[in-house]
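Letter by letter, the chains look like this.
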Amino acid sequence: MKVLVTDPIADAGLDRLREAGYEVETAYDVEGESLLDAVSDANALVVRSGTDVTEAVFEAAPDLVIVGRAGIGVDNIDIDAATDHGVIVANAPEGNVRAAAEHTVAMAFATARSIPQAHVRLRAGEWAKGDYLGTELNGKTLGIVGLGRVGQEVAKRLGSLGMELVAYDPYIGQERAEQLGAELVDFEACLEHADFLTVHTPLTPETEGMIAEDELALMEGGYVVNCARGGVVDEPALAAAVEDGTLAGAAVDVFADEPVDADNPLLAVEDIVVTPHLGAATEAAQEHVATSIADQIVAAFNDEPVANALNAPSIDESAFPRVQPYIELAETAGKIAAQMFDGRVSEVRVRYEGDIADEDVEFVTASALKGVFEPLEWQVNAVNAPKIAEERGIEVTEEKTRQSEDFQSLVTVTVGDGTDSIGASGSLFAGDDPRIVRLDGYRVDAVPHGQMLVVRNYDRPGVLGLIGTVLGDNDVNIAGMFNGRETVGGEAMTVYNLDEPVPDDAVEQIRTDERIIDVKQITLGNDD
Ligand SMILES: NC(=O)C1=CN([C@@H]2O[C@H](COP(=O)(O)OP(=O)(O)OC[C@H]3O[C@@H](n4cnc5c(N)ncnc54)[C@H](O)[C@@H]3O)[C@@H](O)[C@H]2O)C=CC1
Ligand SMILES: O=C(O)C(=O)COP(=O)(O)O
């Protein structure tokens, strides 16, 4: 497996990937065509904020399994394109939170006390003591836009330094805000009350430019700190507001275009403190995010849950051993049901009975969908299967019941077109031995493996002989067989496990016998 790393990450992460036996290529200067070249044979891509992971990257990287973002913000990654291509996107949402919060606090003080400006003048030999009369944070009001992980850590720190806290975040509960001593207010009130405003939202279409000229005008005499993302605060508007004295100052760590151009208006204003996106730049944070991403890549390569996957169903690590065997079973049941069904699938129902109904089965349902879609799509997996269902207008339902008549756990995947439907049920014998135990209403006992032939026939003498002869004449070896019938002389279902596929004309020969109702050849393709 090859891991391409295109932004610098801590050695601890690189070492962990190498120890896992992967080839690790670091290429910190690639972009455009050279990035597409470098990623073409990669199975994982590790980035920070410096690499734009566009749709073209996914198109150029057919073997890509995961993009790991060694940090929080994923605005540089086209997650929809990743999902379309079945690629997991994962970030490291915890490792640099404190670093970002501390940098925010430092930047608030830096602008309130003009520390960088005084530093530069003193280094130039100027004792400008009389020019700097700063502002205390103590007793002032801090407005926090975005009270998530970083915003909350900032609230704790600046709250304990004597600031009053107001916050605007439409997606956070009142209770959590109260625990932090912050009053949740609307956006306008947040701006009006804030002596210092700090921004901690992600960059999204909703947040882009949310603080521009009109909003800054509500903050007369205040300070703005942006350690979240460039583009949330409009750069020309902020530069103008500080320049013309509407604001007393600002501190900015992040920019709409990075690295910044020399003519960025924020660089030209004396009372704006700037740092080159250093919020996450501490040893501890970098080590933490790099190892977190390395661990998630190892998990992805081993088909284990990826802890911080943003576009794939996740499973709690402790529940994974209980759920894991059902992932493949559901996929197999989905493959069988889809291949047995003649119509156009418009509904998929995944039903969980018995013990499995107690578990978080989101991943299992996604795997069932993968099985259903596999004959239709060449690159389908649990990441993109739910989206494919949605795009095709296929209704997916999940049912759970603790009751199970005959099995400790039973997973049934039913596909239908609104009129007809076919279901395949799987169970695990002795805990880990997968079996198909019901097919289209018939009780069967089939090992889901390789090539299968499912024959619906009338229960008459000589039928099994006929099938055996046709298969033998075509050099198809029967590895196993199960015959299930409802009533003597009625309809029956016979399931064969075969070592080879059956030629089409042999399937036709069986189908034309008057004792045969239908024949379906099913390829499971997991006979390794
Ligand atoms: N300067 C740096 O080096 C760093 C910057 N960051 C930036 O900080 C951002 C926040 O990180 P976390 O706090 O970990 O993310 P988070 O997801 O925990 O918190 C974001 C908060 O913003 C809120 N939000 C979303 N849309 C909003 C809107 N329109 N108005 C108000 N609030 C809104 C959300 O409800 C959420 O509570 C990241 O997305 C990243 O861009 C993070 C780490 C380091
Ligand atoms: O984690 C984040 O969102 C950050 O902004 C840190 O970015 P970086 O990893 O330093 O490019």
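Residues numbered from 1 in each chain as written. Chains lettered and ligands numbered in written order. Predicted model: local features only at pLDDT ≥ 70, side-chain atom pairs only at ≥ 80, totals over all residues.

Draft legend 1. Structural view of the packing of helix H1 (residues 11-19) against helix H12 (residues 283-301). The geometry of H1 relative to H12 is characterised by a closest axis approach of 7 Å and an angle of 20 degrees between their N-to-C directions. As the angle between them shows, H1 and H12 are arranged roughly parallel. Relative to H12, H1 is oriented so that their crossing is right-handed. Along the contact surface, H1 presents Ala12, Gly13, Arg16 and Leu17, while H12 presents Glu287, Ala290, Thr291, Ile293, Ala294 and Ile297. Looking at the contact of H1 with H12 residue by residue, the classes come out as six nonpolar, two polar and two charged. (Axes fitted to C-alpha atoms, helices over the stretch in contact; angles between N-to-C directions. Helix = DSSP H or I, 4+ residues; strand = E, 2+ residues; numbered from the N terminus. Parallel < 35°, antiparallel > 145°, perpendicular 65-115°, else oblique. Left-handed = near helix turned anticlockwise from the far one by under 90°. Contact = placed C-beta atoms within 7 Å. Nonpolar A, V, L, I, M, F, W, Y, C, P; charged D, E, K, R; others polar.)

Draft legend 2. Seen up close, the nonpolar core. One finds Ile88 and Val413 to be the most contacted residues of the largest nonpolar core, which totals 154 residues. Considering each element in turn, this core owes the most residues, nine residues, to helix H13 (residues 320-340). (Core = buried A, V, L, I, M, F, W, Y, C linked by C-beta atoms within 7 Å. Buried ≥ 20, exposed ≤ 12 C-beta atoms within 10 Å, placed from the backbone.)

Draft legend 3. Spotlight on H12. With 19 residues, H12 ought to run about 27 Å at 1.5 Å a step, and its terminal C-alpha atoms sit 27 Å apart, in line with that. Extensive coverage of H12 is indicated by the burial of 14 of its 19 residues. Among the residues trailing H12, Asp303 stands out with phi positive, at a value near 55 degrees. (Expected span 1.5 Å × (residues − 1).)

Draft legend 4. Quick look at the site of ligand 2. Lining the immediate environment of ligand 2, one finds Arg48, Ser49, Gly50, Gly71, Ile72, Gly73, Asn96, His277, Gly279 and Ala280. In terms of residue class, the shell around ligand 2 is built from two nonpolar, seven polar and one charged. (Near = placed C-beta within 6 Å.)

Draft legend 5. Local environment of the sheet that holds strand E18 (residues 442-446). Reading across the sheet, the six strands line up as E14-E13-E15-E16-E17-E18 and stay open at both edges, with mixed pairing between neighbours. Two strands bound the open sheet, and with one partner strand each, they are strand E14 (395-401) and E18. Each strand of the sheet is rotated relative to its neighbour by a mean of 20 degrees, with strand direction disregarded. Packed onto the sheet, helix H14 (residues 362-373) meets strand E13 (347-354), E14 and strand E15 (409-416) and runs at close to 45 degrees relative to E15. (Pairing = 2+ DSSP bridges.)

Draft legend 6. Up close: unusual backbone geometry. The amide bond that connects Glu258 to the next residue, Pro259, takes the cis arrangement and shows omega of -10 degrees. In this structure, Ser114 takes a positive phi of about 50 degrees despite not being glycine. In this structure Ser114 comes out as buried when scored by C-beta crowding, with 21 C-beta atoms within 10 Å. Positive phi, normally seen in glycine, also occurs at His277, with a value near 50 degrees. Position of His277 among the secondary structure elements: in the loop between strand E12 (272-274) and H12.

Draft legend 7. Local environment of the environment of Met493. Looking at the secondary structure, you find Met493 in strand E21 (residues 491-498). Judged by local crowding, Met493 falls into the buried class, with 23 C-beta atoms found within 10 Å. When the C-alpha positions of Met493 and Asn483 are compared, they lie 5.9 Å apart, and in sequence the two are 10 residues distant. Once you skip the residues sitting within four places of it in the chain, Met493 turns out to touch Leu439, Tyr442, Val444, Val454, Arg456 and Gly484.

Draft legend 8. The arrangement of the environment of Gly426 in detail. As for its position among the elements, Gly426 is in strand E16 (residues 421-429). The residues touching Gly426, leaving out its near neighbours within four places in the chain, are Leu329, Thr332, Ala333, Val411, Pro434, Arg435, Ile436, Val437 and Pro448.

Draft legend 9. Region of interest: the site of ligand 1. Around ligand 1, 32 residues are found, and the nearest of them are Gly73, Gly146, Gly148, Tyr171 and Gly279. When residues of the shell around ligand 1 are traced back to their parent elements, those giving at least two are helix H5 (97-112) and helix H7 (149-159). Among the elements that make up the shell around ligand 1, the one with the highest residue count is H7 (three residues). Looking at the shell around ligand 1 residue by residue, the classes come out as 17 nonpolar, 10 polar and five charged. Inspection of the shell around ligand 1 shows a minimum of three residues originating in each of domain 1 (2-94 + 284-301) and domain 2 (97-274). (Domains from an automatic or database assignment.)

Draft legend 10. Fine view of the domain arrangement of the protein. Here the domain parsing of the protein yields domain 1 (2-94 + 284-301), domain 2 (97-274) and domain 3 (320-523). When each unit is reduced to the centre of its C-alpha atoms, the spacing between domain 1 and domain 3 is 37 Å. Between domain 1 and domain 3, the contact holds five residues from the first and six residues from the second.

Draft legend 11. Representation of the UniProt feature "domain: ACT" (unreviewed entry) in the protein within the structure. Here, the residues flagged by UniProt with the feature "domain: ACT" (unreviewed entry) are residues 452-524. Annotated as 26% helix and 42% strand, the span residues 452-524 places its first and last C-alpha atoms 8 Å apart. (UniProt positions renumbered as here; feature names shortened; annotations may be inferred.)

Draft legend 12. Highlighting the packing of H5 against H7. Direction vectors running N to C along H5 and H7 enclose 50 degrees, while the axes themselves pass 8 Å from each other. In terms of orientation, H5 and H7 fall into the oblique class. As for how H5 packs across H7, the hand of that crossing is right-handed. Contacts between H5 and H7 involve Val97, Arg98, Ala100, Ala101, Thr104, Val105 and Ala108 from the first element and Arg149, Val150, Glu153, Val154, Arg157 and Leu158 from the second. In terms of residue class, the contact of H5 with H7 is built from eight nonpolar, one polar and four charged.

Draft legend 13. Expanded view of the sheet that holds strand E19 (residues 451-458). Spatial strand order, E20-E21-E19-E22: four strands in an open sheet with antiparallel pairing. Every interior strand has two partners, whereas the edge strands, strand E20 (478-485) and strand E22 (516-523), have only one. For this sheet, the mean inter-axis angle between neighbouring strands, taken without regard to orientation, is 15 degrees. Relative to E20, helix H16 (residues 463-473) is tilted by about 155 degrees, and along the sheet it contacts E19, E20 and E21. Strand contacts of helix H17 (residues 504-511): E19 and E22, with the helix running at about 155 degrees to E22, the strand carrying the most contacts.

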